[in-house]
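As a plain string of letters, each chain reads:
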Amino acid sequence: MTQPALSITLRAKRPGFDLDVDVSAPAGLTVLFGASGSGKTSVVDAVAGLTRDVSGRITVGDHVLLDSAQGICLSAHERRIGYVFQDARLFPHLTVRRNLDYARRVTRQPADTARFDRVVEMLGIGHLLDRRTPRLSGGEKQRVAIGRALLSRPQLILADEPLAALDDPRKEEILPYFERLRDEGEVPILYVTHSTTEVARLATTVVALENGRVVRQGNAIEVLGDPSFSPGDVRSVGAVIEARVAAHHNDGLTELNAGGIPLFLPRIARDPGTPVRVRIAAQDVILSRGRPEGISALNCLPGVVHEVQEGAGPGAILSLDTSAGRVLARITKRSLAALDLSVGTALYAIVKTVAVAPSDVGGPKG
Amino acid sequence: MSWLGPEEWQAVALSLKVAGWATALSLPVAIWVAHLLARKEFPGKQVVNGLVHLPLILPPVVTGYLLLLTFGGTAPVGALLTKLGLPLAFRWTGAALAAAIMGFPLMVRAIRLSIEAVDPKLEAAAATLGAGRWSVFATITLPLALPGIIAGAILGFAKAMGEFGATITFVSNIPGETRTVPSAIYSFLQVPGGESAALRLVVISIIIAMGALVASEVLARRIAKRMEDA
């Protein structure tokens, strides 16, 4: 097995729960997912070295940050971690430029204007450089915070609910930067969130936490496509399928090619040929035994039932294998019985085009 | 300042010198102690806190007498300092020490409050960006606490200018050496016909105190504005 990009083994006592976490993640973006109070922030603060009353071992690549057995525990300032906080935490007495430059100045590195300019340009913050930070908008602050973290030449980026304080349009403004960082693949990212949309958009790997313990970890597409994985609220259950932009039609639709099946979505601003990830909420999927005729939904995916997970309430979640990938559908137990669905049943999954929100469509690979 | 007599002028100049040195030398210590009290937990913290505040509560004469017992010419510490060329008893240097100690609690209080108001989350963010403890303090805590530090310094300076009880007990009231403005006012009031000289010094005291207050207001406001404005 190749060495994981990020490996975290932690034990700690916290008010209300004991942290006992064992995470091993490949390169890319790892999402720590869980409700508030599940221990996500405890984990990232321990990785950053901001809390040190923990025992265990943390490595990033071959760099050891913590190894209690060997008595190694690097200070926060020695860990080379770019931490993007929920509340940005820009320094109010410094301009944007000096915030961005802070890590370089305190570590006495020579100026690298090419790198500085590249980061500033990528984040589109060139016009803010001479501004002071308290008057920036929430989105601007978070972009500057990302830039400041990147310019510290981190070997790991930590992001603790970086979008939680932003409204939806602002979230849409910031998400693509994380997609881009993930796809550039230079630095592994550990990203904390309780939003399934963000998981679906960003995660290469999902680590689900509950009461300080890892209840599930693995490849994001596999985990999200598993009907037994419950991200808290059943309404946020949904699988992610990988597709490619095939064409834009002049009636405002974008056609995707998902494993040979055409999928129609409201227009997305990506060039034909671009790979995309699409989250399909389980509650937006209708199941039909036969190929439906005369209905308005444009997307129809033939598939086979892979698993049935009956909930405690009136609902059930089914996973289907389609040539587009795994799709989840949430239906009532009554329909389950009426259609006589069980593992192996062949059927059609119908998805309304307009049910797929732009925020459900993410950038390239995962 | 031709309307001041030579004796009065001497007292004003001496007071400025004493208060200036007292403030300059105690400020770094006050910042260090204030940071300790604001940010660190350690055994004996309450004792340190109490000691710092003691001069505020004790009768100044008691503080002065304790200084005399410690730093007097025949006391061990005093003798050692005299040997090292820094005699304190009955010297202006002693007046500066007394003024520094009397102003110290005021300085520490103001600075401690302003350091406590600095968000520790910003300091944590600085640490993740590679700043060691000293760097964090110098680049984040200190600049953000600056308005309070200035206020503390001005308070300390004003207290040093006005210190009377501890000074007169420790270093007496020697013209040209330890007769600061308050001692001079006191002396003038003891002799017949000294009221007008005393009154002139009172006016000077008020002007210096007001000037210091206005200067600190202006500085603190300018800094606060710089930090809030775009």
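As the structure is a computational prediction, the values presented were derived from the model and not from experiment. (Residues numbered from 1 in each chain as written. Chains lettered and ligands numbered in written order. Predicted model: local features only at pLDDT ≥ 70, side-chain atom pairs only at ≥ 80, totals over all residues.)

**Student:** Hey, could you go over the overall build of chain B for me, with residue numbers and the actual values?
**Tutor:** Looking only at helices and strands, one finds 10 helices and zero strands in chain B. The order of helices and strands in chain B, counted from the N terminus, is α-α-α-α-α-α-α-α-α-α. For chain B, the proportion of its 230 residues judged to be buried stands at 44%. (Helix = DSSP H or I, 4+ residues; strand = E, 2+ residues; numbered from the N terminus. Buried ≥ 20, exposed ≤ 12 C-beta atoms within 10 Å, placed from the backbone.)

**Student:** Which residues make up the confidence of the model for chain B, and what values do they have?
**Tutor:** Residue and element names in this part refer to chain B. Averaged over chain B, the pLDDT score is 91; the fraction of residues at 70 or greater is 97%. The lowest-confidence element of chain B is helix α10 (residues 195-228), averaging 85 in pLDDT; the highest-confidence one is helix α6 (residues 120-128), averaging 95. Scored by ipTM, the complex comes to 0.84, with pTM at 0.85. (pLDDT = per-residue confidence, 0-100.)

**Student:** Account for the packing of α6(B) against helix α7 (residues 133-162) of chain B, naming residues and giving values.
**Tutor:** All names here are of chain B. The contact between α6 and α7 brings their axes to 10 Å, and the two run at 140°. As summarised for this structure, α6 and α7 are arranged oblique, according to the angle between their axes. Both α6 and α7 take part in a crossing whose hand is right-handed. On the side of α6, the interface is formed by Leu-122, Glu-123, Ala-126 and Ala-127, while α7 contributes Val-136, Thr-139, Ile-140 and Thr-141. Of the residues belonging to the contact of α6 with α7, the class tally is five nonpolar, two polar and one charged. (Axes fitted to C-alpha atoms, helices over the stretch in contact; angles between N-to-C directions. Parallel < 35°, antiparallel > 145°, perpendicular 65-115°, else oblique. Left-handed = near helix turned anticlockwise from the far one by under 90°. Contact = placed C-beta atoms within 7 Å. Nonpolar A, V, L, I, M, F, W, Y, C, P; charged D, E, K, R; others polar.)

**Student:** Go over the sheet that holds strand β14 (residues 261-266) of chain A with me, naming the residues and quoting the values.
**Tutor:** All names here are of chain A. Read from one edge to the other, the open sheet built from five strands follows the order β14-β13-β12-β15-β21, with strand pairing classed as antiparallel. The open sheet terminates on both sides in strands that have one partner only, identified here as β14 and β21 (361-362). Note that strand β12 (residues 238-248) and strand β13 (residues 253-258) share four bridges and pair antiparallel. Bridging across to β13, Val-245 finds its partner in Leu-256. (Pairing = 2+ DSSP bridges.)

**Student:** Could you give an account of the nonpolar core, naming the residues involved and the relevant values?
**Tutor:** Membership of the largest hydrophobic core comes to 175 residues, with the highest contact counts inside it found for Val47(A) and Leu158(A). With 16 residues, helix α5 (residues 92-116) of chain B is the largest single contributor of residues to this core. When near neighbours in sequence (up to four residues on either side) are disregarded, Leu158(A) contacts Val44(A), Val47(A), Ala48(A), Ile81(A), Tyr83(A), Val84(A) and Leu190(A). (Core = buried A, V, L, I, M, F, W, Y, C linked by C-beta atoms within 7 Å.)

**Student:** Go over the interface of chain A and chain B with me, naming the residues and quoting the values.
**Tutor:** Where the parts come together, the accessible area they lose is often given as the size of the interface. At the interface, 21 residues of chain A touch 19 residues of chain B. Of all the elements in the fold, those that place two or more residues in the side of chain A that touches chain B are β7 (81-84) and α3 (102-106) of chain A. Of the residues forming the side of chain A that touches chain B, the biggest block, three residues, is contributed by α3(A). The residue makeup of the side of chain A that touches chain B, split by class, is 12 nonpolar, four polar and five charged.

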